Amino acid sequence: MLALLLRDLRLATRAGGGFGLSLAFFLIVTVLVPFGVGPEGGTLARIAPGILWVGALLSCLLSLDRIFALDREDGSLDLLATAPIPLEGVVAIKGLAHWLTTGLPLTLAAPVLGVLLNLPQSGFLWLTLSLLFGTPALSVIGTFGAALTVGLKRGGLLLSLLVLPLYIPTLIFGAEAAKRGAEGLATATPLLMLAGITAGTVAILPFAAAAAIRVNLR
Amino acid sequence: MMLSVQDLAVSRGGITILDAVSLTLQPGEALVLRGPNGIGKTTLLRTVAGLQLPVSGRVELPPEGAAYSGHADGLKATLTVAENLTFWARIYGQRDIAPALKAMNLETLADRDAQNLSAGQKRRLGLARLLVTGRGLWLLDEPTVSLDAASVALFAEAVRAHLKRGGAALMATHIDLGLEEATILDLAPFRAKTPAPGQGGGFDEAFA
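Residues numbered from 1 in each chain as written. Chains lettered and ligands numbered in written order. Predicted model: local features only at pLDDT ≥ 70, side-chain atom pairs only at ≥ 80, totals over all residues. Heavy atoms only, no water.

The name given to chain B in an unreviewed UniProt entry is Heme ABC exporter ATP-binding protein CcmA, with the source organism recorded as Albidovulum litorale.

As annotated in an unreviewed UniProt entry, chain A carries the name Heme exporter protein B and comes from Albidovulum litorale. Annotation of chain A in UniProt includes, under Subcellular location (unreviewed entry), the sentence "Cell inner membrane". (UniProt positions renumbered as here; feature names shortened; annotations may be inferred.)

Pasting the structure below:
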């Protein structure tokens, strides 16, 4: 299992691995928003948590179809399915690798990009915390979506359509926690809801995703 | 007993293509599947490997008994030969990749990226993967595609050594490997007679 994680991380950071793709997209979104909305500080500060969360979510979405499609194309997925490690474990590791290469960098970059959007000082901690609690759910739900569409050619569109509604609760509670934090209000409730969503998806979806892959490989 | 297949029927795309296939493999035995394109060699191997459910019949093999090698080699282009092989070795709980590199004559290529290998060299690396699985039964689907004569001989030697160690191999191949000990099974007599209308492919398949 560790070998699989290390391989995926190594592949992601090698040439053509798509490691920087999500991060670059996130940067582009947050840099462009002030140009589109206008440089007025009050407006930007009000929308900053929401924009940063939507940006992080879309960046995450961008790299989902690579999770299983590449392994499917070169035959690794067949071989992994017949390997001694359980497919549920493979899926969980794939989700973890996706989070380490997209969710975690996005979480770390968000406060820096928050400066561009004039995020109030009190909001930085809560933005980071909400992303830290929420992005694992984005990766795990995305892994499930990728497992459902693994056999399809150009499954990216269907994948986005399947996954977007599942992302909405995470977005609502994540952005709410960041917004409340920025305004100096209590953040416990949305953060707990967010952590609950993450814990629930991590517990259940690897099993669903593994079942989906088994069906798709037939 | 390495493998026992009883009265197996397999389907591709919802249509039953092979019916009533029975075969057994003991340690040290090799069985070569023959038959025209589309007869179901790959489907049979995938079913035995557990990637596909049989329509009917049973496949019995010891738990964690088989290593499957399909048309694709499962190589990552941006990893080196040694990294690719080490990954599969660790997945199967093995450590040493040196004997596999030696057996498939890949030692001089160990540090080269898989994307810079020729088709035949990639295939050799894909076959070297079997040697690091430590599994008794090899399920080989067209193992000799894009191999030159010398590499085919190399591969035949590896299979022979595997059989000597008490392993077994079930393979689909069109060319003669020169394995005297291998038995040949022609799949043509097992072609499914009349696919019953509405069988498989229907709505129920989603819940099968």
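Let us keep going from here.
**Here we look at the overall build of chain B**
If you tally the helices and strands in chain B, you get 5 helices and 8 strands. In chain B, the succession of α and β elements from N to C terminus is β-β-β-α-β-β-α-α-α-β-α-β-β. Counting only C-alpha atoms and orienting by the principal axes, one finds that chain B spans roughly 55 × 40 × 30 Å. By the burial criterion, 52% of the 208 residues in chain B qualify as buried. Residue pairs at least 24 apart in sequence account for 71% of intrachain contacts in chain B once pairs closer than 6 positions are excluded. With the model as given, the accessible surface of chain B reaches about 9400 Å², and the carbon-plus-sulfur share is 53%. (Helix = DSSP H or I, 4+ residues; strand = E, 2+ residues; numbered from the N terminus. Buried < 20%, exposed > 50% of the residue type's maximum accessible area, 1.4 Å probe, protein only. Contact = heavy atoms within 4.5 Å. Areas by Shrake-Rupley, 256 points an atom, 1.4 Å probe, with all protein chains shown as cover.)

**Some thoughts on the interface of chain A and chain B**
At the interface, 24 residues of chain A touch 24 residues of chain B. Counting each side, the surface lost to burial between chain A and chain B is near 2200 Å², with a carbon and sulfur contribution of 61%. Per-residue buried area on chain A facing chain B is highest for Leu 79, Pro 84 and Arg 218 of chain A; these three make up 29% of the total on that side. Along the contact surface separating chain A from chain B lie 5 salt bridges. Put simply, Arg 10 of chain A and Glu 83 of chain B hold a salt bridge, and the shortest N to O gap is 3.6 Å. (Buried area = accessible area lost by both parts, 1.4 Å probe. Salt bridge = Lys/Arg side-chain N within 4 Å of Asp/Glu carboxyl O.)

**Here we look at helix H1 (residues 2-13) of chain A**
The end-to-end C-alpha separation of H1 of chain A is 17 Å, in line with the 16 Å expected for 12 residues at 1.5 Å each. Listing the buried residues of H1 of chain A in full gives Ala 3, Leu 4, Leu 5, Arg 7, Asp 8, Leu 11 and Ala 12 of chain A. (Expected span 1.5 Å × (residues − 1).)

**Some thoughts on the pattern of salt bridges**
Residue and element names in this part refer to chain A. Following the criterion strictly, the structure yields 15 salt bridges over all chains and no others. For the salt bridge of Arg 180 with Glu 176, the shortest nitrogen-to-oxygen distance reads 3.0 Å. Within this pair, Arg 180 and its partner Glu 176 are both found in helix H8 (residues 156-183), separated by 4 residues, close to a single helical turn. On the accessibility criterion, Arg 180 (29% relative accessible area) is partly exposed. Judged by its relative accessible area of 27%, Glu 176 falls in the partly exposed class.

**Comments concerning the nonpolar core**
With 120 residues, the main nonpolar core has Phe 68 and Tyr 167 of chain A together with Ile 91 and Leu 170 of chain B as its most contacted residues. With residues near it in sequence (within four places) discarded, Leu 170 of chain B still touches Leu 3, Leu 25, Leu 31, Leu 33, Leu 45, Val 48, Leu 137, Trp 138, Leu 139 and Leu 140 of chain B. (Core = buried A, V, L, I, M, F, W, Y, C linked by side-chain atoms within 4.5 Å.)

**A closer look at the pairing of strand S7 (residues 168-172) of chain B**
All names here are of chain B. In terms of residue burial, S7 counts as a mostly covered element, since 5 of its 5 residues are buried. Residues of S7 alternate between two faces, with Ala 168, Leu 170 and Ala 172 on one and Ala 169 and Met 171 on the opposite face, all of them buried. Pairing geometry for strand S3 (residues 30-34) and S7, over 4 bridges, is parallel. Within S7, the position partnered with Ala 30 by the bridge is Ala 169. (Pairing = 2+ DSSP bridges.)

**Some points on the packing of H1 of chain A against helix H2 (residues 81-91) of chain B**
The N-to-C vectors of H1 of chain A and H2 of chain B enclose an angle of 155°; their axes lie 8 Å apart at closest approach. Judged by the inter-axis angle, H1 of chain A sits roughly antiparallel to H2 of chain B. From H1 of chain A, Leu 2, Ala 3, Leu 4, Leu 6, Arg 7 and Arg 10 of chain A reach across to H2 of chain B, where they touch Glu 83, Phe 87, Arg 90 and Ile 91 of chain B. For the contact of H1 of chain A with H2 of chain B, the class distribution of residues is 6 nonpolar, no polar and 4 charged. (Axes fitted to C-alpha atoms, helices over the stretch in contact; angles between N-to-C directions. Parallel < 35°, antiparallel > 145°, perpendicular 65-115°, else oblique. Nonpolar A, V, L, I, M, F, W, Y, C, P; charged D, E, K, R; others polar.)

**Observations regarding the UniProt feature "transmembrane region" (unreviewed entry) in chain A**
Residue and element names in this part refer to chain A. Here the UniProt-annotated "transmembrane region" (unreviewed entry) positions come out as residues 12-37, 43-64, 96-117, 123-150, 157-178 and 190-213. Regarding residues 43-64, the helix share stands at 91% and the strand share at 0%, and the terminal C-alpha atoms are separated by 32 Å. Strand forms 0% of residues 157-178 and helix 100%; the C-alpha atoms that close the span are 29 Å apart.

**So, the side chain of Asp 71 of chain A**
Tracing the chain through its elements places Asp 71 of chain A in helix H4 (residues 66-73). On the basis of relative accessibility, which here comes to 2%, the residue Asp 71 of chain A falls in the buried class. At 2.5 Å, the side chain of Asp 71 of chain A and the side chain of Lys 76 of chain B are in polar contact. When near neighbours in sequence (up to four residues on either side) are disregarded, Asp 71 of chain A contacts Arg 7, Ser 76, Leu 77, Leu 80 and Lys 94 of chain A together with Lys 76 of chain B. (Polar contact = N/O pair within 3.5 Å; in protein donor to acceptor, adjacent residues only side chain to side chain.)

**Topic: the sheet that holds strand S1 (residues 3-12) of chain B**
Sheet strands pair via backbone hydrogen bonds, and the direction of the pair is either parallel or antiparallel. All names here are of chain B. With respect to topology, 3 strands assemble into an open sheet ordered S2-S1-S4, the strand pairing being antiparallel. The open sheet terminates on both sides in strands that have one partner only, identified here as strand S2 (15-25) and strand S4 (56-60). The mean inter-strand angle of the sheet, taken between neighbouring strand axes irrespective of direction, is 30°. Of the pairings in the sheet, the one linking S1 to S2 comprises 7 bridges and is antiparallel in character.

**Describing helix H3 (residues 41-62) of chain A**
All names here are of chain A. For H3, with 22 residues, the first-to-last C-alpha span of 29 Å sits near the 32 Å given by 1.5 Å per residue. If you check which residues of H3 are buried, you get Leu 44, Ala 45, Ala 48, Pro 49, Leu 52, Trp 53, Gly 55, Ala 56, Leu 57, Ser 59, Cys 60 and Leu 61. Sitting at the head of H3, Glu 40 places a side-chain oxygen 3.3 Å from the backbone nitrogen of Gly 42.

**As for the packing of helix H6 (residues 87-116) of chain A against helix H9 (residues 188-217) of chain A**
Residue and element names in this part refer to chain A. Packing of H6 against H9 leaves a shortest axis separation of 8 Å and a crossing angle of 115°. As summarised for this structure, H6 and H9 are arranged roughly perpendicular, according to the angle between their axes. In this structure, the crossing between H6 and H9 has a hand that is right-handed. The residues of H9 that touch H6, namely those facing Leu 87, Glu 88, Val 91 and Ala 92, are Pro 206, Phe 207, Ala 209, Ala 210, Ile 213 and Arg 214. Residue composition of the contact of H6 with H9, by class: 8 nonpolar, no polar and 2 charged. (Left-handed = near helix turned anticlockwise from the far one by under 90°.)

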